[in-house]
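# A structural walkthrough
Here is what each chain is made of, one letter per residue.
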There are 6 protein chains.
Amino acid sequence: MLLQLSTWLEVESYLEQSQGIIIPIGSTEQHGPTGLIGTDALCAEAIAKGVGTQVQAMVAPTLNVGMALHHTAFPGTISLRPSTLIQVILDYVTCLARAGFRQFFFINGHGGNIATLKAAFAETYYHLDSLNLPNTNEVKCQVANWFMVREVYLLAKELYGDQEGSHATPSEVALTQYLYPESLKNAFLSEKVASGHGIYGAANFRQNYPDGRMGSNPALATPEHGQRFYELAVKELSNSYLEWLSCPLSKLISD
Amino acid sequence: MLLQLSTWLEVESYLEQSQGIIIPIGSTEQHGPTGLIGTDALCAEAIAKGVGTQVQAMVAPTLNVGMALHHTAFPGTISLRPSTLIQVILDYVTCLARAGFRQFFFINGHGGNIATLKAAFAETYYHLDSLNLPNTNEVKCQVANWFMVREVYLLAKELYGDQEGSHATPSEVALTQYLYPESLKNAFLSEKVASGHGIYGAANFRQNYPDGRMGSNPALATPEHGQRFYELAVKELSNSYLEWLSCPLSKLISD
Amino acid sequence: MLLQLSTWLEVESYLEQSQGIIIPIGSTEQHGPTGLIGTDALCAEAIAKGVGTQVQAMVAPTLNVGMALHHTAFPGTISLRPSTLIQVILDYVTCLARAGFRQFFFINGHGGNIATLKAAFAETYYHLDSLNLPNTNEVKCQVANWFMVREVYLLAKELYGDQEGSHATPSEVALTQYLYPESLKNAFLSEKVASGHGIYGAANFRQNYPDGRMGSNPALATPEHGQRFYELAVKELSNSYLEWLSCPLSKLISD
Amino acid sequence: MLLQLSTWLEVESYLEQSQGIIIPIGSTEQHGPTGLIGTDALCAEAIAKGVGTQVQAMVAPTLNVGMALHHTAFPGTISLRPSTLIQVILDYVTCLARAGFRQFFFINGHGGNIATLKAAFAETYYHLDSLNLPNTNEVKCQVANWFMVREVYLLAKELYGDQEGSHATPSEVALTQYLYPESLKNAFLSEKVASGHGIYGAANFRQNYPDGRMGSNPALATPEHGQRFYELAVKELSNSYLEWLSCPLSKLISD
Amino acid sequence: MLLQLSTWLEVESYLEQSQGIIIPIGSTEQHGPTGLIGTDALCAEAIAKGVGTQVQAMVAPTLNVGMALHHTAFPGTISLRPSTLIQVILDYVTCLARAGFRQFFFINGHGGNIATLKAAFAETYYHLDSLNLPNTNEVKCQVANWFMVREVYLLAKELYGDQEGSHATPSEVALTQYLYPESLKNAFLSEKVASGHGIYGAANFRQNYPDGRMGSNPALATPEHGQRFYELAVKELSNSYLEWLSCPLSKLISD
Amino acid sequence: MLLQLSTWLEVESYLEQSQGIIIPIGSTEQHGPTGLIGTDALCAEAIAKGVGTQVQAMVAPTLNVGMALHHTAFPGTISLRPSTLIQVILDYVTCLARAGFRQFFFINGHGGNIATLKAAFAETYYHLDSLNLPNTNEVKCQVANWFMVREVYLLAKELYGDQEGSHATPSEVALTQYLYPESLKNAFLSEKVASGHGIYGAANFRQNYPDGRMGSNPALATPEHGQRFYELAVKELSNSYLEWLSCPLSKLISD
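Computed from a predicted structure; not experimentally measured.

### A short note on the overall build of chain A
- When helices and strands are tallied, chain A shows eight helices and four strands.
- Along chain A, helices (α) and strands (β) appear in the sequence α-β-α-β-α-β-α-β-α-α-α-α when read from the amino end.
- Taking 18 Å as the expected radius of gyration for a compact globule of 255 residues, we find that chain A reaches 18 Å, a close match to that expectation.
- Across its three principal axes, chain A shows a C-alpha extent of roughly 55 × 35 × 35 Å.
- Total accessible area on chain A is roughly 8,600 Å²; 49% of this is exposed by carbon and sulfur atoms.
- Each charge class in chain A was averaged separately, 15 positive and 23 negative side chains, and the resulting centres sit 5 Å apart.

The following block contains the structure:
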């Protein structure tokens, strides 16, 4: 169920069955010469919708812009500051928690979001504590990174080995090729690709990673690979979601 | 051109031709018993993409959540606080302005966003002034509300008269029916619908508008109407965008 | 009754009769070569006091500085950022609401304040919701712009036609001439006056409107006109205030 | 010269002669059973205008509301939070400093403002440093508390001895009686008045100081005393202002 | 008792006996050519521990960095902005108040902290009011400046006369010599030392006080003096703490 | 070299040799029935000082309080909100970067700080970009968690196996026993210890982990173990620091 395509009466009914919601979060940032700027948001959105269908869960609209300040020296990147993103997450969760939602499962497409999301969760629990609403101490948030799912990771290693890299990776590019086959891009990819530099400010990042890739060879990606990644991620994250909802222990999802 | 489906190299090329960008902004809020929670975002997004195609402009990913605090007593509504939304807009525009964008055309689907957007624009111009970047004094932001376009307004009056109302209107519902024909909803709509109350806090709003509608009869909506609204809005806002880009006078767009 | 000239015991008594308060808000900004920098605050203050006397309502001290960032390239302008003004309004209303006030009627002298005020009201209602005070859901805020009162508008059109313009207008200048007859100013006013430009950042504004006027001819103003504006505004806003207090419908005041 | 009654052209001329400005700041807070809620703002405003006339300095509009959170358990009090007031001061000074003002002389009527003002000055200097404007390192702010002027203090001691107290004092009440003779108040003042308690939160304050006075006997005040205070304060602060402007040493004003 | 060296069970027990806590706060800022950058924090910490032992009170970990923006033109200085420090204090007190602490006694080593601390206390009381916790209206905060203790002040005058100055003073240097005898510094101290300038921004400060001292001659300091200051401060502040805890009147501590 | 025990002249000299600084950051939070509340700060501080000595680097004063909101249901815990901690880190780094420091090596004792630190680094790089200072794009921040150093981790596994747990671990307790042998605590430790629960809000945490431990048996700790941990951590982090300073690749430190 997509929140955007539901009515408030349907949400009211849904809340009688479940208090869980899936929130896709991505980023709008350069992904190398051939990767789509929307890669992280598009992947998270597609997988979240897939999981939502699989597990009959409500799916919120996608947070298309995340924390990508280090990519902002490349045109087309949009980023929130961490302090802004924290307030955005706090507002989302507070509104939904007032309405009765309790489990917030963020399906995330961008490594750079993780730290700020975790900071935001802490800020949010604390804020909810101050509101004197009933049972907000039951609110739980979880980041689930599709690209860090064990099976996805193993497939990427199998298909691409070291050329998977860590940004503008063939696995995420493959997934967008599967989702948006009309948007395959051609551009020169030098064989030599930068890798191993620390991530600091935006100017520094562009200096170290001049074409935006981090150790990756996205030319290896194919739409067929993308389909395999999609199906694996949906399957595994569906299981994760259900186990997380039902289980008092959180060992199931590594983050 | 969709920013999400572009590469940073394509954005670099685009910026040589144009420094304009269209940013759809909507809301995630109750729209009465039969209206979709995503109505405002879905309408803004579709029209923005239509305009983008028409005028060859870059279209940013949609801001799905806006300022809808007064709707938060209905489940499913998500809102940013105005102070959060101001920072979000400031972050968007600052990132894009650093990359060279100069004209920001927000196609808006929600009346409740207008005030905060205007406040955000003022805050953003002032912030850009402090950054010592070249030519940021040329940055211009504009809200263009599709539902306030003169021709759209006249068509709604013609089709629905007073039953257009001011929230969960048949015109916006019609547009979502055209866009998402598989998501038509059936629910009881009482003949008597509240109208004319001021808009204050969320509890007050729900008390005054118990089913979420404000003076509207969305049962009058049809997908065919929706198509007409879509085409009118795209045509008129395409003209507005082009005139706004080229013309030093701003009389063209009333807001 | 002026809050500044009352004691807390008198306020306590007043609250037993009424929970309404009038808050004048203006701006401290350039008003062209001959307009007073305090125009917006002085007009709002005078009219608010007039209304307060007429309707026996408490009048708060004037907010002399509002949102005028676009005027800050002219010396003498002082502006709050929108994010600051939101917190100021929130603090005002929260303090007074804790004491028992419920209806906040802002008599406003500056168009540039409107958007931020509306954003502030939304932020404030939401904040009050989190405080667990009794009946704060009854808090209502309203902007009443004296220069947009229908009768005032018609008189300005009648007296000045198109030369009313939209900033440093003869109507507001006339009103200050009536209020501060010792402060009539002489300065060169070119016959050609800029108009029709959009309002963006401060540098841009000054470039477009080099002497600060927007399409207006303040030389047409007279103290006698000012008196007529004053009396009309007081009369009409007094009615508006009373109707707003008593009436559950808000159609009475357009904003 | 009053900024509110000047034009921007006059400000431009003024700045060629002087870069100093006087900013009156008061408070809107309970002043015991007989003291005016506006006492601190009204006194600061009158004295600032007097000093402005004496020394030919520009006087900004009054900050009517300051930091009075500890008085908010009494109806009629309005206070900014310190974090809000800091941003307000920063906005004021930044706007005026961009226009060329350099010396900001705050004539203050409320002890509770002092700490936040000093914090705000530090925040503001630091902010100005980040703006890359010319010569903002020359910006200087000063709090001048009229009630702490040595000669004023001595006169109060002479007239009232220990009954001067520290809030709702006969000296400030006398000054408002001189300024607003039509607003003399009658109310029961118990002979026993609380004193010596620390100042903590609002509820605690009202518990300790049940009628709002702190050790004072405002019944001793007369309009004639008020005139003497007014004249002394204007004279002494005029000297202080001139010495502060001209002298590189700051020993002249104790704060 | 040091909070850092206690367990939460010991804190639980302590709270049954006392709800008071001592929080040392200093600064990390230049102290002239021979003074330690940590002077203010090291002095506050040592004295706070001494007082804690004397009066059997819990001592929190030291706030090593305070408000020292005006010293930031000298390398090694670290400062919070006032707006940051306010949030830090609010967070400290709120956490501890939720656990049951009620009296917060800040032993302070830096004059520049005082204003911001007082602003922070006001902000904190107000914040606690909004949390609906039991008895938070009993929360009391107090700044106790060791260098302003009457006996300490008199000793400094006796030993150093005017050469005590007001920053990088021989008294505080002596105290660090006593505490850290291995860190005595040698550097050229010109006989002529700047004094009497106002304190404004950082660049201005360094211009006026080129070696960082303000009217002081720290060469007069000896470790033996330091011991006397230490013992005096511990003795007097121990008395102050006990009186403050027990006494409803706050006259005992001047601030 | 300890910053607190240096003069500004010594810092000036140091900066000619190195632009690196080590900043210890810990937490003030419950560590189970026998662990010290200061564990994380005390460990980070001791190791940072050890590393500083080893590599001749400047060591800043310890950030004693970090992000521990989830522990705040246990008395004695003090935490900053993530939004506060971000501003604190930004202020620290900005001050030091203005003075010439470029490499900021945070030696961290608390897992709960990591996410917020990373968010803060991103916010800080972006902020520095806006300041127009020379070469701030060279600023680099790094979190180095002593407890995640590979050799430390292996020793903990060897000594304690699964009983190491993840909070109030025997390894950190051992280290404090080595550092503060006079503060060994006795308290009942049930054999059964909670583990595997997710970390959400504070009330939820205490419910799941009633004595504060997370799967650990701190009774296994000995001061001798502590010494081994200390020496390993100092040795390995000294290497890490030197490699990080000198090496353009960041693979050396996993985080």
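Past the structure itself, the notes keep going.
### Focus: the interface of chain A and chain B
- Contact residues are listed per partner, giving 52 residues for chain A and 52 residues for chain B.
- Here chain A meets chain B over a buried area of about 4,100 Å², counting both sides, of which 64% is carbon and sulfur.
- For the chain A face of the interface with chain B, the top three residues by lost area are Gln4, Leu5 and Trp8 of chain A, together amounting to 19%.
- Summed over the shared surface of chain A and chain B, the number is six salt bridges.
- A salt bridge links Arg206 of chain A to Glu12 of chain B, with the shortest nitrogen-to-oxygen separation between them at 3.9 Å.
- Applying the counting rule to chain A against chain B returns 20 residue pairs in polar contact (both at pLDDT 80 or more).
- The element best represented in the side of chain A that touches chain B is helix α3 (residues 82-99) of chain A, accounting for nine residues.
- Class assignment for the residues of the side of chain A that touches chain B results in 26 nonpolar, 18 polar and eight charged.

### Let's talk about the relation of the copies chain A and chain B
- At an RMSD of 0.0 Å, chain A and chain B line up after a rotation of 180° and a shift of 0.0 Å along the axis. Here the copies are linked by what is in effect a two-fold axis. It is Thr84 of chain A whose C-alpha, among those of chain A, lies nearest the rotation axis, at 3.4 Å.
- A shared interface surface links the copies, since 100% of the contact residues of chain A are contact residues in chain B too.

### Some thoughts on the packing of helix α3 (residues 82-99) of chain C against helix α4 (residues 114-129) of chain C
Residues and elements named next belong to chain C.
- Direction vectors running N to C along α3 and α4 enclose 45°, while the axes themselves pass 8 Å from each other. Comparing the axis directions of α3 and α4 gives the class oblique. Crossing of α3 over α4 shows right-handed handedness. In this structure, α3 uses Pro82, Leu85, Ile86, Gln87, Ile89, Leu90, Val93, Thr94 and Ala97 to contact α4, whose residues at the interface are Thr116, Leu117, Ala119, Ala120, Phe121, Glu123, Thr124, His127 and Leu128.

### Some details on the relation of the copies chain D and chain F
- Laying chain D over chain F is done by rotating through 120° and shifting 0.0 Å along the axis; what remains is an RMSD of 0.0 Å. Accordingly, the operation relating the two chain copies is best matched by a three-fold axis.

### Considerations on the confidence of the model for chain A
- Here chain A averages 95 in pLDDT, and 97% of its residues register 70 or above.
- Low pLDDT, under 50, characterises residues 249-255 of chain A; the stretch is placed with 20 contacts to residues that sit more than four places away or in other chains.

### Here's the deal with the packing of helix α2 (residues 39-55) of chain A against helix α6 (residues 170-179) of chain A
Residue and element names in this part refer to chain A.
- Relative to each other, α2 and α6 sit at 65°, their axes nearing to 10 Å. In the packing of α2 onto α6, the handedness of the crossing is left-handed. Two secondary-structure elements touch here, α2 through Thr39, Asp40, Leu42, Cys43, Ala46 and Ile47 and α6 through Glu172, Leu175, Thr176 and Leu179.
- A class-by-class count of the residues in the contact of α2 with α6 yields six nonpolar, two polar and two charged.

### With respect to the pattern of salt bridges
- Across all of its chains, the model carries 36 salt bridges over all chains by this definition.
- Its salt-bridge partner being Asp129 of chain E, residue Arg98 of chain C comes within 3.9 Å of it at the nearest N-O pair. Highlighted residues: Arg98 of chain C in helix α3 and Asp129 of chain E in helix α4 (residues 114-129), drawn from two different chains.
- Assessed through its relative accessible area of 27%, Arg98 of chain C is described here as partly exposed.
- Using a relative accessible area of 32% as the deciding quantity, one classes Asp129 of chain E as partly exposed.

### Details of the sheet that holds strand β2 (residues 58-59) of chain B
Residues and elements named next belong to chain B.
- The four strands lie next to each other as β2-β1-β3-β4, forming an open sheet whose pairing is parallel. Whereas interior strands pair on both sides, the edge strands pair on one side only; in this sheet they are β2 and β4 (140-145).
- Where strand β1 (residues 20-25) meets strand β3 (residues 103-108), six bridges bridge the pair, whose relative direction is parallel. Among the inter-strand pairings, Gly20 is bridged to a residue of β3, identified as Gln103.
- This element, helix α8 (residues 223-246), spans β1, β3 and β4 of the sheet and lies at about 160° to β3.

### Here's the deal with unusual backbone geometry
Residue and element names in this part refer to chain B.
- Even without glycine at this site, Asn135 takes up a positive phi of about 65°.
- With respect to the helices and strands, Asn135 occurs in the loop between α4 (114-129) and β4.
- We classify Asn135 as partly exposed; its relative accessible area is 43%.

Reading the values: the criteria
Residues numbered from 1 in each chain as written. Chains lettered and ligands numbered in written order. Predicted model: local features only at pLDDT ≥ 70, side-chain atom pairs only at ≥ 80, totals over all residues. Heavy atoms only, no water. Helix = DSSP H or I, 4+ residues; strand = E, 2+ residues; numbered from the N terminus. Rg over C-alpha atoms; globule rule 2.2 N^0.38 Å. Areas by Shrake-Rupley, 256 points an atom, 1.4 Å probe, with all protein chains shown as cover. Lys, Arg positive; Asp, Glu negative; His and termini not counted. Charge placed at Lys NZ, Arg CZ, Asp CG, Glu CD. Contact = heavy atoms within 4.5 Å. Buried area = accessible area lost by both parts, 1.4 Å probe. Salt bridge = Lys/Arg side-chain N within 4 Å of Asp/Glu carboxyl O. Polar contact = N/O pair within 3.5 Å; in protein donor to acceptor, adjacent residues only side chain to side chain. Nonpolar A, V, L, I, M, F, W, Y, C, P; charged D, E, K, R; others polar. Least-squares fit on C-alpha atoms with pLDDT ≥ 70 in both. Axes fitted to C-alpha atoms, helices over the stretch in contact; angles between N-to-C directions. Parallel < 35°, antiparallel > 145°, perpendicular 65-115°, else oblique. Left-handed = near helix turned anticlockwise from the far one by under 90°. pLDDT = per-residue confidence, 0-100. Buried < 20%, exposed > 50% of the residue type's maximum accessible area, 1.4 Å probe, protein only. Pairing = 2+ DSSP bridges.

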